[in-house]
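# Reading the structure
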Amino acid sequence: MRGFLIACVSVVRKRFSLFVVLNWLFFGSIVTGALLGQMGHYEVYRSVFVEDVLITERSNVMLMVVSIFVSNLLLSSFLLVTLTGLAFPILPIGFLMLRGLLWGVLHNTLPTSLFLIAFPTLILEGEGYVLAGVAGVYLGLSWLNPRWAYKEENLSRADALKKALKDAMYIYVLVVVFLLAAAIVEAAIISPTISH
Amino acid sequence: MELTERKKQISLVLLSIIVPMSLLGTFRLTGILKEPTKVAETITLETIEWEFERINQSADIFYVVEALHDDNGFAVNQRIHIWDYVNRPLAWSGSTITMVVELNSNTTSQNGYIESVYVALYKDQLSTVDWVRPLSRFGNLSIVEQAVGYEWSTKADLRLTSVKHSRSVKFSAMVVWSLLTPNNQSHQMDVLYELIYYNGTAYKKITQPFQLKVMGR
């Protein structure tokens, strides 16, 4: 198990520069979003439908964890960030930044105590999306120009895509870990807040 | 060497998270990012109801559902003008009710001002609510967000903020409520006006609910 996780991490380490750049872009977008929210620019909030779609059963914590996790994994990570990357490698970056802006705007509407309490969820869930973004960008690059994705290997488009898919599966193990942790933390924060 | 490289990578990843998040926290704690308005008191006024029986023909209604509230130099008047009912026999195209939601408010308090206005139109999922934007008018208010009530959503809403803490604000927005059912089906819409104002010492919120019922024949 430990060896498998190390293998997953090593796949991300090979894409280290992209991972760090996406981290900066994503978390930087959250700060930018919060500043935009401060100036009254709430339009970005309405531009993403995801938050409206998720209707969670909030009385049952376990159900809430599963609901948040499944929605974040399938919709927010796989569909919006990874699959769009397969279509065009720039799209995951755009979606990540848009989500960051959205989070920043929404986050800024919270009172300071909740604002700070939500940080662990932001970081864990954000890391999940950034990793999904890394997988998405490489999936797109692999068929667009295999050399951009795998410099040292002289791969055909089909081989590069196969390799990127395999790498994406390894990366998704980490995505699952981060999103599951985020869902547990988020449910733990949300349920007492709502009951209160 | 490998360990150094690994440590460097971990440091760079941590920095890419810690620096933006620390900035965010610092901005809030130092007041650069201001805390949302704290409302000291919320006054919920009595629900005003309106009922209409669906008919098999189109008709002008021209009915005004209205609420007035006056509180120590602060006044607010919320109105819903129900204009007409357009009957369409095919349920999928929807019979429609056209109405105008309006608000007028002012304060005579020396340091008082209107902070924000929020209007939500809660509907069932067999109807839609659309804003007729070109026919909307705003006085000393600017739109923060405006959402259409699609079939799958639960509400249409409009969030406004007062321009430069105005002491007098007003708006008028046309709405089309489409009922996507045959005439024997009933519908209900709950309209909620929320206005936050500053009376010179504290923020107060006035909530005025309206309930519009369209009864099936």
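All values reported here derive from a predicted model rather than from experimental measurement.

### So, the overall build of chain A
The helix and strand tally for chain A stands at 10 helices and zero strands. Written out in order from the N terminus, the α and β elements of chain A read α-α-α-α-α-α-α-α-α-α. By residue count, 43% of the 196 residues in chain A fall in the buried class. Partitioning the intrachain contacts of chain A with sequence separation of at least 6 by distance along the chain shows that 79% fall at a separation of at least 24.

### Some details on the interface of chain B and chain A
Facing 21 residues of chain B, the contacting portion of chain A comprises 26 residues. Of all the secondary structure elements, the ones that give two or more residues to the side of chain B that touches chain A are α1 (2-29) and β8 (141-147) of chain B. Looking at the side of chain B that touches chain A element by element, the count peaks at 12 residues for α1 of chain B. Here the side of chain B that touches chain A is built from residues that sort into 12 nonpolar, five polar and four charged.

### Re the pairing of strand β2 (residues 48-53) of chain B
All names here are of chain B. Within β2, only zero of the six residues are buried, leaving the element largely exposed. In this structure, β2 lies alongside strand β12 (residues 203-215), joined through six bridges in parallel fashion. Among the inter-strand pairings, isoleucine 48 is bridged to a residue of β12, identified as phenylalanine 210.

### What to know about the environment of histidine 81 of chain B
Within the element layout of this structure, histidine 81 of chain B appears in strand β4 (residues 74-86). Between the alpha carbons of histidine 81 of chain B and serine 172 of chain B there is a distance of 9.9 Å; along the sequence they are 91 residues apart.

### Looking at the environment of lysine 166 of chain A
Residues and elements named next belong to chain A. Tracing the backbone through its elements, the reader meets lysine 166 in helix α10 (residues 157-195). Lysine 166 gets classed as exposed once you count the C-beta atoms within 10 Å, which come to 10. With 27 residues separating them in the primary sequence, lysine 166 and leucine 139 have C-alpha atoms 9.8 Å apart.

### A closer look at unusual backbone geometry
Residue and element names in this part refer to chain B. Even without being glycine, lysine 164 reaches a positive phi, approximately 50°. Relative to the helices and strands, lysine 164 resides in the loop between β9 (155-162) and β10 (168-179). One non-glycine residue with positive phi stands out, namely histidine 165, at about 50°. Relative to the helices and strands, histidine 165 is located in the loop between β9 and β10.

### Structural notes on the sheet that holds strand β3 (residues 59-71) of chain B
Residues and elements named next belong to chain B. In spatial order, the strands read β3-β4-β5-β10-β7; together these five strands make up an open sheet with antiparallel pairing. Of all strands in the sheet, those with a lone pairing partner are β3 and β7 (127-139), marking the two edges. Neighbour-to-neighbour, the strand axes of this sheet turn through a mean angle of 15°, independent of strand direction. Bridge count between β4 and strand β5 (residues 95-107): 12 bridges; the pairing is antiparallel. Bridged to alanine 75 within β5 is asparagine 106.

### Remarks on the confidence of the model for chain B
Caution is warranted with low-pLDDT regions, since their predicted coordinates should not be read in detail. Of all residues in chain B, 97% attain a pLDDT of 70 or more, and the chain-wide mean is 91. In the model output, the complex is listed with pTM 0.68 alongside ipTM 0.84.

### Details of the packing of helix α6 (residues 91-107) of chain A against helix α8 (residues 119-144) of chain A
Residues and elements named next belong to chain A. Their axes nearest at 9 Å, the elements α6 and α8 cross at an angle of 165°. Here α6 is positioned roughly antiparallel relative to α8, judged by the angle of their axes. You can see that α6 and α8 cross each other, and the crossing is right-handed. Packed against α6, whose contacting residues are Pro92, Ile93, Leu96, Arg99 and Trp103, the element α8 presents Leu122, Tyr129, Val130, Gly133, Gly136 and Val137 at the interface.

### So, the nonpolar core
In this structure, Leu131, Val134, Ala135 and Ile171 of chain A are the most contacted members of the largest nonpolar core, which totals 55 residues. Elements that contribute at least two residues to this core include exactly α1 (2-14), α2 (16-38), α5 (61-87), α6, α8 and α10 of chain A. The element that contributes the greatest number of residues to this core is α10 of chain A, accounting for 14 residues. One finds Ile97, Val129, Ala173 and Trp177 of chain B within the second-largest nonpolar core, a separate group that totals 34 residues.

Quick notes on the rules
Residues numbered from 1 in each chain as written. Chains lettered and ligands numbered in written order. Predicted model: local features only at pLDDT ≥ 70, side-chain atom pairs only at ≥ 80, totals over all residues. Helix = DSSP H or I, 4+ residues; strand = E, 2+ residues; numbered from the N terminus. Buried ≥ 20, exposed ≤ 12 C-beta atoms within 10 Å, placed from the backbone. Contact = placed C-beta atoms within 7 Å. Nonpolar A, V, L, I, M, F, W, Y, C, P; charged D, E, K, R; others polar. Pairing = 2+ DSSP bridges. Axes fitted to C-alpha atoms, helices over the stretch in contact; angles between N-to-C directions. pLDDT = per-residue confidence, 0-100. Parallel < 35°, antiparallel > 145°, perpendicular 65-115°, else oblique. Left-handed = near helix turned anticlockwise from the far one by under 90°. Core = buried A, V, L, I, M, F, W, Y, C linked by C-beta atoms within 7 Å.

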